[in-house]
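# Structural description and commentary
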Amino acid sequence: MIGLEFVLRMTPHVRFGRGAIKYAADGVKELGGKRVLVVSDRGVQKVGITDRLVDILRGGGLDVFVFSDVVPEPPVYVGDNAASMAKEVDADVIVGVGGGSAMDVAKAVAVLVTNGGKVEDYQGVNKVPSRGLPKIVIPTTAGTGCEVTWTAVFSNPEKKTKGGINSPYLYPELAILDPELTLSLPPLITASTGLDAFTHAIESYIGKAATTITKLFSISAMELIYNNIVKAVQSPDNIEAREKMLYGSFLAGVALSNAGVGAVHAMAYPLGSFYNIPHGAANSILLPYVMEFNKDVCVDEFKDIAYVMGEKVDMMPGWEVAGNVVDNLHLLKDKIGLNMTLSMLGVEWERIPELAEAALKVDRPIANNPRLITKDDIISIYEEAYGVEDFEEEDFEEV
Ligand SMILES: [Fe+2]
């Protein structure tokens, strides 16, 4: 094809703004709903966000039911159980509120109710036969970007795998992005989810499927996140920083949904399925090492990223600029308290080849990585990220 060409898909209706959660009932009614199943997790419930949402929905005259058993890295049965509840209560709209896990479960429930079957039946690409119930998602973290993606990721504890339902029918009909909902996020979750969003931005920017328009989303996301993540971690009440982080993670979500991710995500998935390491933490450990591996094949892109990071790039040779980007990624992790290693999170050295085998099977991100990556390369990267220091895993419970 000659000339400019791209496809851009995303959530058709996005409402962004401080206090925007108050529009939730209007959103349900606009979609023709009367009976709502709210899908959330215990952390969101504990900080009072679920109750607030329920009050808003009931205040709008709607019947509301709550499924709050979503857990991080949700196993397939959580999606199946939530779908059973949606059928029992005869829900006509699903509202997911929380981090990526709650939103993913909500997205899956909506298609399970109308199509029948179980989560496992639809893991893969384009396996969902028809549209589901209308769904609204309300993120409480600035990270996953799943409010604008066509994916719902589930782990399968028996098979020790993790896989997404990928279907155009999973795009939510409405995303409500309210930065005030992210104010209650503790610093470590702010850091790990924020770095996940930064990883979406950087991997979609340098990936093979990047287009002119996805690059605009990616680079803006990088700029917003890089310049605000430290502020949001160090000053949790800084609403301006929270707002820019949520905006950045949304933009990165649009980019990742259209341009994909790369080897960081492929290698992070087995860490989640083998060791239950939260997605954001896994990505943050691997990011600088994978970028070190990639940097020589995307020197121009790394120059753009360096510019966003405030580097004076004009007079520097490409290799030096790319090296500075990798150094900055290590520094950024230190500044936000994410300087952990794989050994700190309990990864066993002798299982690294097994992890590498599993990472290589995450085929779409592997194929999208800008540099061809082999099993031996993956093993080397895991080994570099291994380290030896102590770390408290429980600091990473999802909110
Ligand atoms: Fe991610």
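Residues numbered from 1 in each chain as written. Predicted model: local features only at pLDDT ≥ 70, side-chain atom pairs only at ≥ 80, totals over all residues. Heavy atoms only, no water.

## Description of the sheet that holds strand E5 (residues 124-125)
Strand pairing in a sheet relies on backbone hydrogen bonds. The paired strands run either parallel or antiparallel. The 3 strands are arranged E5-E8-E7 in an open sheet whose pairing can be described as mixed. Single-partner strands in this sheet number two, and they are E5 and strand E7 (151-156). Examined bridge by bridge, E7 and strand E8 (residues 161-166) share 6 bridges and lie antiparallel to one another. Within the sheet, the bridge partner assigned to Phe154 lies in E8 and is Gly163. (Pairing = 2+ DSSP bridges. Helix = DSSP H or I, 4+ residues; strand = E, 2+ residues; numbered from the N terminus.)

## Section: a nonpolar patch on the surface
Taken together, the side chains of Leu4, Phe6 and Leu8 present a nonpolar region at the surface, about 290 Å² in accessible area. Of note, Leu8 is situated in the segment before strand E1 (14-16). The exposure class of Leu8 is partly exposed, given its relative accessible area of 31%. (Patch = residues over 30% accessible without salt bridge, like charges linked within 9 Å, V, L, I, M, F, W, Y side chains within 5 Å. Areas by Shrake-Rupley, 256 points an atom, 1.4 Å probe, with all protein chains shown as cover. Salt bridge = Lys/Arg side-chain N within 4 Å of Asp/Glu carboxyl O. Buried < 20%, exposed > 50% of the residue type's maximum accessible area, 1.4 Å probe, protein only.)

## Concerning the coordination of the iron ion
Taken together, Asp196 (OD), His200 (NE2), His265 (NE2) and His279 (NE2) make up the full set of protein donors to the iron ion, lying 2.1 to 2.3 Å away. Between the 4 donor atoms coordinating the iron ion, the angles at the centre fall across 86 to 168 degrees, so the site counts as irregular. One chain supplies every donor to the iron ion, and in sequence these donors are spaced D-x3-H-x64-H-x13-H. You can see His265 sitting in helix H10 (residues 263-275) and its partner His279 sitting in helix H11 (residues 279-294), a full 14 residues away along the chain. Both residues of the pair, His265 and His279, count as buried. (Donors = N, O, S within 2.8 Å, 3.2 Å for Na, K, Ca; no water. Tetrahedral: all angles 85-135°; square planar, octahedral: opposite > 155°, others 65-115°.)

## A closer look at the sheet that holds strand E6 (residues 135-139)
One open sheet accounts for 6 strands, arranged E1-E9-E6-E4-E2-E3; its pairing is parallel. Two strands bound the open sheet, and with one partner strand each, they are E1 and strand E3 (63-70). Across the sheet, the mean angle from the axis of one strand to that of its neighbour is 15 degrees, orientation sign disregarded. Sheet topology note: the E6/strand E9 (residues 174-177) ladder contains 2 bridges and is parallel. Following the sheet pairing, Val137 is matched in E9 by Ala175. Along the sheet, helix H4 (residues 76-88) contacts strand E2 (35-41), E3 and strand E4 (93-98); its crossing angle with E3, the most-contacted strand, is approximately 165 degrees. (Axes fitted to C-alpha atoms, helices over the stretch in contact; angles between N-to-C directions. Contact = heavy atoms within 4.5 Å.)

## Structural notes on the domain arrangement of the protein chain
One can read the domain layout of the protein chain as domain 1 (14-182) and domain 2 (187-396). Taking the mean C-alpha position of each, domain 1 and domain 2 sit 26 Å from one another. Counting residues at the interface gives 26 residues for domain 1 and 27 residues for domain 2. Linking domain 1 to domain 2 there are 1 salt bridge. Across the salt bridge formed by Glu243 and Arg18, the nearest N and O atoms sit 2.8 Å from each other. For the pair domain 1 and domain 2, the interface holds 5 residue pairs in polar contact (both at pLDDT 80 or more). Sort the elements by how many residues they give to the side of domain 1 that touches domain 2 and E8 lands first, with 3 residues. (Domains from an automatic or database assignment. Polar contact = N/O pair within 3.5 Å; in protein donor to acceptor, adjacent residues only side chain to side chain.)

## Here's the deal with the pairing of E4
Counted residue by residue, E4 has 6 buried out of 6 residues, so it is predominantly covered. Of the two faces of E4, the one lined by Val93, Val95 and Val97 and the one lined by Ile94, Gly96 and Gly98 are each fully buried. With 5 bridges connecting them, E4 and E6 associate as parallel partners. Directly across from Gly98, in E6, lies its bridge partner Pro139.

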